[in-house]
Amino acid sequence: MKSAFIQTFGCQMNDHDSRRMVHLLEEAGYQVGGEMDQASLVLLNTCSVRENPENKVYSMVGRLARIKKERPEMIIAVGGCVAQQEGEKILKRHKAVDLVFGPDQIFHLPRMIQEVQAGKRGVYTGWQERDRKLQNFIPDEELEAGTVEGGQGMVAITKGCDNHCSFCIVPKTRGTLVSRELDNILAECRDLIDKGAVEILLLGQNVNSYQAQGHGFIDLLQAVADLPGLKRLRFTSPHPNDWNAELTDLMARHPVICKSLHLPFQAGSDRILELMRRDHNQAQYLAKVAYLREQVAGLQLSTDVIVGYPGETEAEFEETLEVLKQAKFFLIYAFKYSPRPGTKAAQLEDDIPTEVKEARLERVLKLQAGIQDQILDAHLGTRQEVLIDAAHPKERGVMQGRTDANLRVALSAPDLEIGDLVPVTITGRREHSLLGDIT
């Protein structure tokens, strides 16, 4: 049997895309998994939001090129956002690469591979025809192809983004915003629940910009949360501009909607936020956080932070630290600014020295570590409901799961199965996670 290996970089949307590709490849007769070095087909599903993941892709392509000298029959494919961004350049730069395709071409994967096998090196980075109000970009014949992993099913509700933040390449690699029809989404969710999904994760570059046939995100959230058999509902990532009190109130009152929220703020300075084209200021963001804290018991927040944006002064960076202190996120994804090709920010001078960016990032991470310590300590002795999603990779007899608020918990309970929801008393903690006993 032909074998395929998929290496996924980047966000949960890329994870979702890779799951779709696994199904398509299996339907085409491939066995997916095993060792990369021995695979008939190696597919890199790439991310270009930051410079570092992009560099990792090219490093891996270099390694694969050396393997291909010994195994010339190996097919090397590069998909995802770097593929959409670079296109033909990848084939010219790396002679070992056979296939380059963007996110909109996923469902043509079997045909594209056949063309490679027929001797054609190909680049497929065009866009599907986009109806900006509605596009069921999961074809009807693929609605039942979703998989459940760790008790969770992923469902893409939008793709692309219309915000055009100055630092972000997503509109160029994922295109303009399109939303799926509500019934199309619900059909996929029902299928995943029938397959054993306890939890569903709704995905989009900006989920709360969802609009289809007169339905907004709040309508979709309510409809999915009400599906029989569903125990937990998550979504990522919303934009602060589209977050409102009605969504907070729905999260507070509906028991199925998880009490965790990823709400990127990026920078604390109003001037930098304006340059970033974020269309909100610090006070507006913190007011929404305050209302969330007031209404949603047990809420845990996560966020994205960029340090060293062009022109950021030390005083403006201090404002970022102040937001961290006030918002008290459990988890942050913090990055040094790196220019992305084709973005507005790339036209600016990248004038913050690398050592300054690194020092600022270190201060952010040090502050955040202390905040996370406080949050974990506050959970000691509490009772939580934990969704078991994996066996511990190193400790025999230990299972792992997540609380409603998305905190990781490990417990010694070898008889538990993935997908179980169990009551747990928190008895201890590790550096970034909790320990518990079934109660």
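The structure under discussion appears in the preceding block.
Residues numbered from 1 in each chain as written. Predicted model: local features only at pLDDT ≥ 70, side-chain atom pairs only at ≥ 80, totals over all residues. Heavy atoms only, no water.

Asker: For empty space enclosed by the protein, give the residues involved together with the corresponding values.
Answerer: Using a probe with the size of a water molecule, rolled over the atoms, empty space left in the structure can be pinpointed. Here the structure, examined in full by the defined rule, presents two cavities of 30 Å³ or more. The calculated volume of the second largest cavity comes to roughly 60 Å³. Taken together, His16, Arg19, Arg20, Ala145, Gly146, Thr147, Met154, Glu188 and Leu192 make up the lining of the second largest cavity. For the lining of the second largest cavity, the secondary structure elements donating two or more residues are helix H1 (12–27) and helix H7 (182–194). Tallied by class, the residues present in the lining of the second largest cavity amount to three nonpolar, three polar and three charged. (1 Å grid on protein atoms, 1.4 Å probe; cavity = no way out; pocket = protein on both sides within 12 Å on 5 of 7 lines; lining within 4 Å. Points joined across faces, edges and corners; volume = space filled by probe spheres on them. Helix = DSSP H or I, 4+ residues; strand = E, 2+ residues; numbered from the N terminus. Nonpolar A, V, L, I, M, F, W, Y, C, P; charged D, E, K, R; others polar.)

Asker: Tell me about the packing of aromatic side chains, residues and numbers included.
Answerer: Describing an aromatic ring pair means giving the distance of the ring centres and the angle of the ring planes. For the coordinates displayed, the defined rule picks out five aromatic pairs. Taking 5.3 Å as the distance between ring centres and 75 degrees as the angle between the ring planes, the aromatic pair formed by Phe217 and Phe235 counts as edge-to-face. Here Phe217, found in helix H8 (residues 217–225), pairs with Phe235, found in strand E14 (residues 232–236); they are 18 residues apart in sequence, far enough to count as distant. The pair Phe217 / Phe235 is uniform in exposure class, with both members buried. One aromatic cluster in this structure is built from Phe217, Phe235 and Trp243. Between Arg93 and the ring centre of Tyr58, over which it is positioned, the NZ or CZ distance is 3.9 Å. (Phe/Tyr/Trp six-rings, centres within 6.5 Å; stacked < 30°, edge-to-face > 60°. Buried < 20%, exposed > 50% of the residue type's maximum accessible area, 1.4 Å probe, protein only. Lys NZ or Arg CZ within 6 Å of the ring centre and 35° of its normal.)

Asker: Which residues make up unusual backbone geometry, and what values do they have?
Answerer: Backbone torsion omega between Thr236 and Ser237 reads -5 degrees, so that peptide bond is classified as cis. Notably, His164 is not glycine yet its phi reads approximately 55 degrees, a positive angle. Take His164: it is sitting in the loop between strand E9 (158–159) and helix H6 (170–173). The phi angle at Asp279 is positive, at roughly 60 degrees, despite the residue not being glycine. Relative to the elements of secondary structure, Asp279 occurs in the loop between helix H10 (270–275) and helix H11 (282–295).

Asker: Before we move on, can you summarise H1 with the specific residues and values?
Answerer: Under the 1.5 Å per step criterion, the end-to-end length of H1 is 23 Å for 16 residues, consistent within 8% with the ideal 22 Å. Turning to H1, its buried residues are Met13, Asn14, His16, Asp17, Ser18, Arg19, Arg20, Met21, His23, Leu24 and Leu25. Note on H1: the residue one or two positions beyond its end, Gly29, has a positive phi of about 95 degrees. (Expected span 1.5 Å × (residues − 1).)

Asker: Summarise a negative patch on the surface; cite the residues concerned and give the values.
Answerer: Together, Asp270, Glu274, Glu319 and Glu322 give the surface a local cluster of negative charge. Those elements that provide at least two residues to the negative patch are H10 and helix H12 (314–327). (Patch = residues over 30% accessible without salt bridge, like charges linked within 9 Å, V, L, I, M, F, W, Y side chains within 5 Å. Areas by Shrake-Rupley, 256 points an atom, 1.4 Å probe, with all protein chains shown as cover. Salt bridge = Lys/Arg side-chain N within 4 Å of Asp/Glu carboxyl O. Lys, Arg positive; Asp, Glu negative; His and termini not counted. Charge placed at Lys NZ, Arg CZ, Asp CG, Glu CD.)

Asker: Quick rundown of the packing of H7 against H8? Include the residues and the values.
Answerer: Relative orientation of the contacting elements H7 and H8 amounts to 30 degrees, with a least axis distance of 11 Å. Looking at the two axes, H7 sits roughly parallel to H8. H8 is crossed by H7, and the crossing has right-handed handedness. Contacts between H7 and H8 involve Leu182, Ile185, Leu186 and Cys189 from the former and Leu220, Ala223 and Val224 from the latter. (Axes fitted to C-alpha atoms, helices over the stretch in contact; angles between N-to-C directions. Parallel < 35°, antiparallel > 145°, perpendicular 65-115°, else oblique. Left-handed = near helix turned anticlockwise from the far one by under 90°. Contact = heavy atoms within 4.5 Å.)

Asker: Can you break down the sheet that holds strand E1 (residues 2–8) residue by residue, with the values?
Answerer: Strand order in the open sheet formed by six strands is E2-E1-E3-E4-E5-E6, with parallel pairing between adjacent strands. The open sheet has two edge strands, strand E2 (30–32) and strand E6 (122–124), and neither has a second partner. Strand-to-strand twist of the sheet, defined as the mean angle between neighbouring strand axes without regard to direction, takes the value 20 degrees. As paired strands, E1 and strand E3 (residues 41–46) are joined by five bridges and run parallel to one another. Following the sheet pairing, Ala4 is matched in E3 by Leu41. In the packing of helix H2 (residues 51–70) onto the sheet, the strands contacted are E1, E3 and strand E4 (75–80), and the crossing angle to E3 comes to about 170 degrees. Helix H5 (residues 109–117) rests against E2, E3, E4, strand E5 (99–101) and E6 of the sheet, and its axis sits at about 155 degrees to E5. (Pairing = 2+ DSSP bridges.)

Asker: With reference to specific residues and values, describe the pattern of salt bridges.
Answerer: One pass over the full model with this rule turns up 27 salt bridges. Between Glu316 and Arg271 there is a salt bridge, with its nearest N and O atoms 2.5 Å apart. You can see Glu316 sitting in helix H12 and its partner Arg271 sitting in helix H10, a full 45 residues away along the chain. Exposure remark for Arg271: the relative accessible area of 40% places this residue in the partly exposed category. Glu395 is the salt-bridge partner of Arg430, the closest N and O atoms lying 2.9 Å from each other. Here Arg430 is found in the loop between strand E21 (421–429) and strand E22 (434–438), whereas its partner Glu395 is found in the loop between strand E18 (383–391) and strand E19 (398–403), with 35 residues between them in sequence. When salt bridges that share partners are traced, they join Glu199, Arg232, Arg234, Asp389, Arg402 and Arg408 into one network.

Asker: Any chance you could break down the packing of H8 against helix H9 (residues 245–253) for me, citing the residues and the numbers?
Answerer: Direction vectors running N to C along H8 and H9 enclose 10 degrees, while the axes themselves pass 10 Å from each other. In terms of axis orientation, H8 runs roughly parallel to H9. Mapping the contact onto sequence places Phe217, Ile218, Leu221 and Gln222 in H8 and Glu246, Leu247, Leu250 and Arg253 in H9. Along the lines of polarity and charge, the residues of the contact of H8 with H9 split into five nonpolar, one polar and two charged.

Asker: Let's hear about the nonpolar core: which residues, and what values?
Answerer: In terms of nonpolar packing, the biggest core is built from 51 residues, with Leu233 and Phe235 touching the most fellow members. Among the elements that line this core, the one with the most residues is H7, at six residues. Discounting chain neighbours no more than four positions away, the residues touching Phe235 are Leu201, Leu202, Val207, Phe217, Leu221, Trp243, Met251, Ile257 and Leu261. Residues Ala39, Leu44, Met60 and Met74 belong to the second largest nonpolar core, which totals 23 residues. (Core = buried A, V, L, I, M, F, W, Y, C linked by side-chain atoms within 4.5 Å.)

Asker: Now, about the sheet that holds E22: what can you tell me, with residues and values included?
Answerer: Sheet architecture is closed into a barrel: five strands sit in the order E18-E19-E20-E22-E21, paired in mixed fashion. On average, each strand axis in the sheet is inclined to that of its neighbour by 55 degrees, with strand direction left out of account. When E21 meets E22, the two strands line up antiparallel, connected through five bridges. Bridge pairing links Thr425 to Asp437 in E22.

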